[in-house]
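Commentary on secondary and tertiary structure
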Amino acid sequence: MTLKKLLQRIANCILLLLCCNSFILFNIFDSPVVVKVCAIVVLLVFYVGFNIYPYGRGKRSDRLRLRVLIGGRECILTAMACLLVEIAGFAVVFALVYKSYYGFEIILPVYLVLSINAVVFLILLGIVVINGFVRIFAASRQADISTKLLLFFFWWMPVLNAIWLKKLCSSAINEYTFASKKMDTNESRRHQEVCKTKYPLLLVHGIFFRDWKNFNYWGRIPKELEANGAACYYGNQESSAPVEECGAQLAECIKGIVSETGCEKLNIIAHSKGGLDSRYAISCLGAAEYVASLTTVCTPHYGCNSVRKILKAVPGKALQYIKKNYETLFTVLGDDSPDFMGGLANLTDTECAALNQRMPNDPGVYYQSVGSKMGSHKSAVFPLSLGYRMIKSSEGDNDGLVAVVSMEWGNFLGIVAPPGKQGISHGDMIDLTRKDIKGFDVCEFYVDLVSQLKDRGL
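Residues numbered from 1 in each chain as written. Predicted model: local features only at pLDDT ≥ 70, side-chain atom pairs only at ≥ 80, totals over all residues. Heavy atoms only, no water.

1. Points about the nonpolar core
As a rule of thumb, soluble globular proteins bury nonpolar side chains together. Note the threshold: We call a set of buried residues a nonpolar core when its members are Ala, Val, Leu, Ile, Met, Phe, Trp, Tyr or Cys and they connect through side-chain atoms within 4.5 Å of each other. Relative accessibility under 20% of the residue-type maximum defines a buried residue, over 50% an exposed one, and the middle range a partly exposed one, all with a 1.4 Å probe and only protein chains included. Labels follow the DSSP assignment, with helices taken as runs of H or I lasting at least four residues and strands as runs of E lasting at least two, numbered in each case from the N terminus. Every residue pair with non-hydrogen atoms within 4.5 Å of one another is taken to be in contact.
Grouped together as the largest cluster of nonpolar side chains are 43 residues, with contacts concentrated most on Trp218, Leu225, Met429, Phe440, Phe445 and Tyr446. Of all the elements in the fold, those that place two or more residues in this core are β1 (201-204), α8 (221-227), α10 (273-284), α12 (316-332), α13 (340-345), α14 (349-358) and α16 (442-455). When residues of this core are assigned to their parent elements, the largest contribution, seven residues, is made by α16. Once residues lying within four places of it in the same chain are set aside, the contact partners of Leu225 are Cys195, Leu201, Ala230, Cys232, Tyr446, Val447 and Val450. Counting residues in each nonpolar core, the second largest holds 34 residues, with Leu69, Cys75, Val129 and Leu151 among its members.

Laid out in structure tokens, this is it:
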């Protein structure tokens, strides 16, 4: 915190204290009524202004959401500081009054003034806290929904509400700092267009998802890439189908983009099973001449032993029930011919071994791969938490779905492993939950990945 911001916060605390204690100040100071009224009007103007701009008006470049967010934190912190000072001051006044007066009839008016002032204080300060909570509740994308709900329903519980408010404020400042740093970084390199590669990007999704407009499979990543000069397209293959079928759809998609834009080639970035689909399109369906590079992210190139074991362990009727409901749902969601079992079957270690024989690398395409691993089963929610445990015992480190030993293909860029115990899950690598992870900026990871492609002349 800068000295200027510290002084501003101290000034806000003092003025807010004076405003919330206006009733007692009006009664104890021997000044003309006009002076008192003017002072209270000034304090109320500050009070309204503080509730509107608790963190100052900010710069024009600041996004409104971030100003609202950090303003909410400022409201809560300032209110909590005022409350602590008020409690200490009230205790001192109470002690002085009790020591100075002994007659009940003399003490009563003093305590009456203090009591009324306390009610006014709590109302005015409560409005500031509510303002702060509403701001964070509405503007934060990172605060846990559980914390928001606990505060919403149990705000009246002492101690616990303070703990939850503190957690909410910590989340707000972390989100604000993270987002502000990203904005500054993008602003400083805007004219460099670090992601403006020679060939456009084709983002290829993994199994059990589609390229929906309203819910991007890649989270915040495409917008970040485009903000830095990239041109992004999507594979739009089936959510679940055999590699051969998805590969054919990708081959048509690639040729269509090249024909439409005249870009000659594409750089493919593919996640999970999408990497296998892309390799099939390149090696077996004539897409190689239109592809400059293929980057696979957490792709099971050598299969998943766990998938084979699960398919054997789950009763046939249960699989048929899941298959039927899945295919019905995804037909409604946009698939032409979803094939639940066909997509899963290609992910076994034995099937991938057979596919690898049919999908040799094309010498005209640059291949690279990257992976991630979870720190423990607590690093992600179900089903990745369960998948981590199952794979860990037989194949070692994994991301909840794919073992690390299966992710390497072509030039291996390594395993993403930020500081700390959390690690990075299969979903984290595509920003599935849109959550900021300490020590790992997923959007910046892809910016760096694409900028390296640019440096290679691709």
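2. Regarding the pairing of strand β3 (residues 266-271)
Each regular strand displays side chains that alternate between the two surfaces of the sheet. Basically, it comes down to this: Being paired, for any two strands, means DSSP has found at least two bridges between them.
Burial analysis of β3 places six of its six residues in the buried class, which makes it a mostly covered element. Going residue by residue along β3, you find Leu266, Ile268 and Ala270 tucked away on one face and Asn267, Ile269 and His271 tucked away on the opposite face as well. Sheet analysis places β1 next to β3, joined by four bridges and oriented parallel. By the bridge assignment, Leu203 is partnered in β3 with Ile269. Examined bridge by bridge, β3 and strand β4 (residues 291-297) share six bridges and lie parallel to one another. Counted as the bridge partner of Asn267 is Ser293 from β4.

3. Brief notes about the side chain of Asn21
Looking at the element boundaries, Asn21 is found in the loop between α1 (3-20) and α2 (22-28). Judged by relative accessible area, Asn21 falls into the buried class, the value being 10%. Residue contacts for Asn21: discarding those within four places in its chain leaves Glu86, Asn117 and Phe121.

4. Comments concerning the confidence of the model for the chain
Let me state the cut-off plainly: Each residue carries a pLDDT score, the predictor's confidence in it, ranging from 0 to 100.
In this model, the chain carries an average pLDDT of 86, and 95% of its residues clear a pLDDT of 70 or more. Predicted confidence is poor over residues 102-106, with pLDDT under 50, and the contacts of this stretch with residues over four places away or in other chains come to two contacts.

5. Re the environment of Thr295
Here Thr295 shows up in strand β4. Sequence separation between Thr295 and Leu453 is 158 residues, and the spatial gap between their C-alpha atoms is 9.7 Å. Residue contacts for Thr295: discarding those within four places in its chain leaves Ile268, Ile269, Ala270, Gln368, Leu449 and Leu453.

6. A word on the pattern of salt bridges
To keep it simple, the criterion reads: What counts as a salt bridge is simple: a side-chain nitrogen of Lys or Arg found within 4 Å of a carboxyl oxygen of Asp or Glu.
Taken as a whole, this structure holds 16 salt bridges when the rule is applied. Between Arg189 and Glu444 there is a salt bridge, with the nearest N and O atoms lying 2.7 Å from each other. Of this pair, Arg189 sits in the loop between α7 (160-188) and β1 while Glu444 is found in helix α16, placing the two residues 255 residues apart along the sequence. Assessed through its relative accessible area of 10%, Arg189 is described here as buried. What emerges from the salt-bridge pattern is a single network uniting Lys182, Glu224 and Asp441.

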